[in-house]
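# Structural description and commentary
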Amino acid sequence: MMKQAGILPILMILAFILGCVDGAAVDEDFEVGSHVEDWRDEIIYQVMVDRFANGDRSNDFNVDPVSEAAYHGGDWQGLIDRLDYFEELGVTALWISPVVKNVEEDAGFASYHGYWAQDFTSVNPHFGDLAKLREFVNACHARNPPIKVILDVVVNHIGQLFYYDINRNGQPDEWLTGSATSSPLSRATEWDPDFDSRGVQAFTSMGESGSAPIRWVYMPEISRTPPMPEEFQNPDWYNRMGRVTVWGREKDACLTEGVITREEADNAGSWRDLPACEAYVTLQETRGDFPGGLKDLDTTLPEVRQALFKVFADWIEKADFDGFRIDTVKHVEHEFFQYFCPQIRQFAHSLGKENFFMFGEVFDGYDPLLGSYTHDDELDSLFYFSQKFAIDGVFKYNGPTSGLEDLYQQRLANYSRTSKPNGPVGADGASLVPTQLLVNFLDNHDLPRFLYDFEDIDALHAALFYQFTIDGLPCLYYGTEQEFDGGNDPANREDMWKSGYATDGPTFRHVQKLTALRRDYAPLRRGDFTIRWSTDHVADEQDAGIYAFEREYKGERILVVINAHGSHAARTSATDTGGGEMTVGFPAGTRLVNVFEDADPNDEAVVSGNQTVNIVVPARGGKVFVAR
Amino acid sequence: MPRMNKVSSRPNARWSGASGWWRVVFPAWMLALLLAWPSGLFAQDAPAVGEEASPVAETAEAAETAAAAPVESTSIEHAFTFGSYGRIQAAGDLKGHPAQDINVAGHGPRILEGPYAELDFGYRMEHPKDDFAVRMQITLALFEDFFHFTGDVDQRMGLRNLYAEAEGFLPYVKLWLGSRMYRGDDIYLFDYWPLDNLNTVGGGVGVFYKALEIKWQAGVNRLTDDFQFQELEVPGRGVGAESVVGLDRQRFITSLKGTYHLFDVTDHLSMKVSLYGEFHHLPSGGFTNSETQTKEDLPSDLGWVVGAQLGLWDFAPHGHFNLFLRYAERLAAYGEWGVPWGLNNNDTTDGAQELVAGFSLNWESRWVGVMGAGYVRKFKDADPNEVDLDDFWEGALAARPHIFITDHFHQGFEFSYQWRRPEGLSVIEETRLVPQVWQLSVMEVLSWDRGTYERPQFRLVYTLSHLNKGARDVFPLEDRRRDSAWQHYFGAQVEWWFNSSYR
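Let me sum up the structure you'll find in this document.

Rules and cut-offs
Residue positions are given per chain, counted from 1 along the sequence in the order it is written. Key to labels: chains lettered from A, ligands numbered from 1, both in the order written. In keeping with the model being predicted, local features are shown solely for residues with a pLDDT of at least 70 and side-chain atom pairs are shown and tallied solely at 80 or more, while totals for entire chains, interfaces and linings include all residues. Numbered from the N terminus, helices here are DSSP runs of H or I no shorter than four residues, and strands are runs of E no shorter than two. Working definition of burial: number of other C-beta atoms within 10 Å of the residue's own, with buried at 20 or more, exposed at 12 or fewer, and partly exposed in between, all C-beta atoms being placed from the backbone. Radius of gyration here uses only the C-alpha atoms, and the compact-globule reference equals 2.2 Å multiplied by the residue count raised to the power 0.38. What counts as a contact here is a pair of residues whose C-beta atoms, placed from the backbone, lie within 7 Å. A helix is expected to span 1.5 Å multiplied by its residue count minus one. Between N-to-C directions, angles span 0 to 180 degrees; the directions come from axes that are lines fitted to C-alpha atoms, helices contributing only their stretch in contact. Oblique is the label for any angle not covered by the other classes, which are roughly parallel (under 35 degrees), roughly antiparallel (over 145) and roughly perpendicular (65 to 115). If you view the pair so one helix is near and one far, a crossing is left-handed when the near helix is turned anticlockwise from the far one by less than a right angle, and right-handed when it is turned clockwise. Residue type decides the class: Asp, Glu, Lys and Arg count as charged, Ala, Val, Leu, Ile, Met, Phe, Trp, Tyr, Cys and Pro as nonpolar, and the leftover types, Gly among them, as polar. A pair of strands counts as paired when DSSP detects no fewer than two bridges linking them.

## Section: the overall build of chain B
From N to C terminus, chain B includes five helices and 23 strands. Residues classed as buried in chain B amount to 49% of the 503 residues present.

Given below as structure tokens:
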């Protein structure tokens, strides 16, 4: 009797204690704060979470490692497990795939990339749960120096969660029309119909019958259910104009639509020269569904803007992200970003995040279009697509390095040089402007890898050298350091674990040296940028392939000289073609020493009396000179 | 009367591919069995045990003896027995919906359990020339819901026992072979066997010598889940396809339990001590993705359990107190029917753990009886994520007092508290929640006789449950139990057991 009387209270007390203990480290240690000193110091590493590292097999739902279109098992635990790898490589910020819950699959493709949102407020369970996401971000911030985490967000669209009931029969149909003899045979689908500026029209055998109603799909087994939060289930929140069809046939589309005449089309060099056509293309891009049936939000509506602000601001607070990479920016009108970005900056500031950073994806080589999104308090920076194509031209296809200078000159005209309230600031507290913060990259998840169509490791190394020494933030796509060479999506989304995360490969080491160089020399991170040499020459001329520039920060000056030419050494001189030698900003008599790669103490140059210097760089080589 | 034949929910046995938890239910009569065996079947060999058997055991023996009416025979002694366990309710939530359980712990109070029944058939033959005797036992279980509720004639059934047991061929020894639920004592109020509870096809040997029992069992299972079994379509030798078994791995489970009885420790106390061990092994195999024809290796795995039990009785009429401790690792942490989830990165269960401490008690006088129960359980799966919802502490406490107003009419109450503390965050609330449920039940009971374990028992039950925010968060967004912190249950229940094969 005594024994039983004693045990019961003990168990009750134990139960009470355990029941009332409310929270452990993951919940209570989580704090939102500022972890960035100066964004110019950062080296971004883009991670496709599903393909990087599988740290937890327990969340491997519907994983099929054979299919390139399926989930492969990578997760946030895998990233935690590989933090040492990132540090060893020298990258300082991780840009991770979208974290929100997606529709699981569509047309045989899975949402492993994360761009098919179904619930803006929940995490994608394939990658972990909120606690794991916080653990990952916390672990990044706990490094010394902290690794920053940039979240990929999509404000343009949701996943394919509804269809257009064109024939009003209440079911999603796909059918062929035409007889194939007297009329063309064409395929129509209610999932992803072609763009119609009136809105997708319902249609019966008797003709059109008004706007096609949209029908939400309810397939909970694949998370294809109406979007969350619930307010996103309002049909009026979507443009409902159908799929963008204009790409690659802009003039024809404008002609068909009647916005330009045949004569105008024939006389114009580019459709961009025709304002009416450009307006129509912009209309399709900003109001049409992204191909694949990704339903376009009507971001012109104030309530949609507020809702998007709220769901993404919440993520900053929930997981302490340091910045946003914003997807499909050119598919959203400027006015949205003029609302969204200041709101986000202000919100981040209110949380103590005084250096929140937003850069956007404008998948276009047209530099003025990119730059347009940095004005009027819009984005802090762009993913520098126009430069990516210029880099390919120079380092892959032997184009003139003057192309790089031309683009730089355009930058000053196209991109904002005005600071933004609550925007990024430098270590000295001065505001940073978009022209200083462009994100430089060679390849990404939407493009073939650098080596895919040009299997020249030296060219890759030279391009990386350029990427890591010019102004702006380098962004390395995962696997580039492992010499991945996949083609277009999904071949460019390889499983990182197949590399063994090797740290002894030549490209890994090359990147490691470049990250160390940036770390060691502040001018390479923060310095002003002055081009000293570029050339139109691409053949056997002395300077063919040479691109040289200086970076100067707080009186410290660095000279960078690159030879993009693939087959011969080149020098900073054009005396063979009637030109002169390269003028530099160093005083006459300054002894310059190359500090990159081999750090050969004999690799020196002396600035002449007229402040010129003649430097020879081997093919695909690069040198970084500091004063001694 | 025996306190036996309860059903158990096993939420740690999750079946991949199925929706939610696979609830496994089956009866157990082991407490009475362990206490009854020495006194009944081996009384001639261990008279001390028989004389000192607990009241529970004595009543069990009486029940069996009464039902085992001999059948006339000219050559051998033989007997057919029929027994049953059953429970059924007509109940609702006072809003027009059928009653639903609201447990947040894996083994919450059974007061709101759904219907279940067993039909128990036994046949015993005693050899005319010696002590050799054999008993064949068949138990058919019927799972909810029943025909009159759903109108569906398809009834879910399971064969819970199909085995034969022999004795008398060696002194003190019994042998069984077949398909059997094989387990020890339970916590009645939770319908929970916290120490030993196995379901296998196999056999076992028991040695019963005076106050000592040693029981060994070995068996196998091969679940139809694709963790153990896979049938593949392959090109036929002629036209079309034919099926082959690709994955077919059998889990081996063996257990050993030793129990020692100490009778008359004092004038009002007898006790027993049990030590228990269990071992599981699963060979390696390979699962083939039928679409891609890629093969995933499934490594071999193992698991084990160690545990102990202390039992006390004689301290009051029909009184008992059992204390259980169990620690399981790897495969065994998921139970013998559990398809492991949360595997580690080597696809094994290394890292999975289960720790259980629990008790059950009963105390009665002429006018009052009290049943009590409690347990605490820690479970951790094998995956490296230590902050997910699959790793948790849980527990429950319950007391069911009865006032025996007359022999047949009792006033009953039940108080309970249950909680669960997951290591992860609520998916919806995005913070750590600790689901907790408090329940108060009032029961008007019509019983066969005085006693908390007397059956049949007719009950008119009202239960008021309070769910905190965390408890409501356990249910899906569309589940009506999520709507209100206060939930009602009102129903008429009947529960019986008689003459069952509680061994």
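## What about the overall build of chain A?
Helix and strand content of chain A: 17 helices and 28 strands. In terms of C-alpha radius of gyration, chain A reaches 27 Å, essentially the compact-globule figure of 25 Å for 628 residues. A burial count over chain A gives 50% of its 628 residues as buried. Intrachain contacts of chain A at a sequence separation of at least 6 include 71% that bridge at least 24 residues.

## Concerning helix α15 (residues 457–469) of chain A
All names here are of chain A. Compared with an ideal rise of 1.5 Å per residue, which puts 13 residues at 18 Å, α15 spans 18 Å between its outermost C-alpha atoms and is within 8% of the ideal. Most of α15 is tucked away: eleven of the 13 residues are buried. Turning to α15, its buried residues number three or more, namely Ala459, Leu460, His461, Ala462, Ala463, Leu464, Phe465, Tyr466, Gln467, Phe468 and Thr469.

## Some points on the packing of helix α13 (residues 385–396) of chain A against α15(A)
The relative placement of two packed helices comes down to the angle between their axes together with the axis-to-axis distance. Residues and elements named next belong to chain A. Put simply, α13 and α15 touch, their axes get as near as 10 Å, and they point 135° apart. Regarding the angle of α13 to α15, the classification is oblique. Seen along the crossing, α13 lies across α15 with a hand that is right-handed. Between α13 and α15, the residues in contact are Ile391, Phe395 and Lys396 and Ala459, Ala462, Ala463 and Tyr466, respectively. Residues of the contact of α13 with α15, tallied by class, amount to six nonpolar, no polar and one charged.

## Let's talk about unusual backbone geometry
Residues A:Asp489 and A:Pro490 are joined by a peptide bond in cis, for which omega reads 10°. The linkage connecting B:Arg455 with the following residue, B:Pro456, adopts the cis geometry, with an omega of 5°. Positionally, B:Pro456 belongs in the loop between β21 (436–447) and β22 (457–467). Although it is not a glycine, A:Asp376 adopts a positive phi angle of roughly 55°. Along the polypeptide, A:Asp376 turns up in the loop between α12 (367–372) and β16 (381–382). Given 15 C-beta atoms within a 10 Å radius, A:Asp376 is considered partly exposed. Phi is positive for A:Asn422, close to 65°, though the residue is something other than glycine. Relative to the helices and strands, A:Asn422 resides in the loop between α14 (402–414) and β17 (439–441). Of the residues examined, A:Asn422 has 22 C-beta atoms within 10 Å and is grouped as buried.

## A look at the pairing of strand β20 (residues 546–553) of chain A
All names here are of chain A. Note that strand β19 (residues 528–533) and β20 share five bridges and pair antiparallel. Each bridged residue has a counterpart across the sheet, and for Ile531 the counterpart in β20 is Phe549. Sheet topology note: the β20/strand β21 (residues 556–563) ladder contains eight bridges and is antiparallel. Bridge assignment links Tyr547 to a residue of β21, and that residue is Ile562.

## Structural notes on the packing of helix α7 (residues 250–257) of chain A against helix α9 (residues 275–287) of chain A
All names here are of chain A. Put simply, α7 and α9 touch, their axes get as near as 10 Å, and they point 95° apart. The orientation of α7 relative to α9 falls into the category roughly perpendicular. Of the residues in α9, those in contact with Glu250, Lys251, Cys254 and Glu257 of α7 are Cys277, Tyr280 and Val281.

## A closer look at the environment of B:Glu444
All names here are of chain B. Among the structural elements, Glu444 can be located in strand β21. Glu444 sits 34 residues away from His410 along the chain, and the two C-alpha atoms are 6.4 Å apart. Residues in contact with Glu444, not counting those within four places in the same chain, are Gln411, Arg459 and Leu460.

What is shown is where atoms sit, not what they do.
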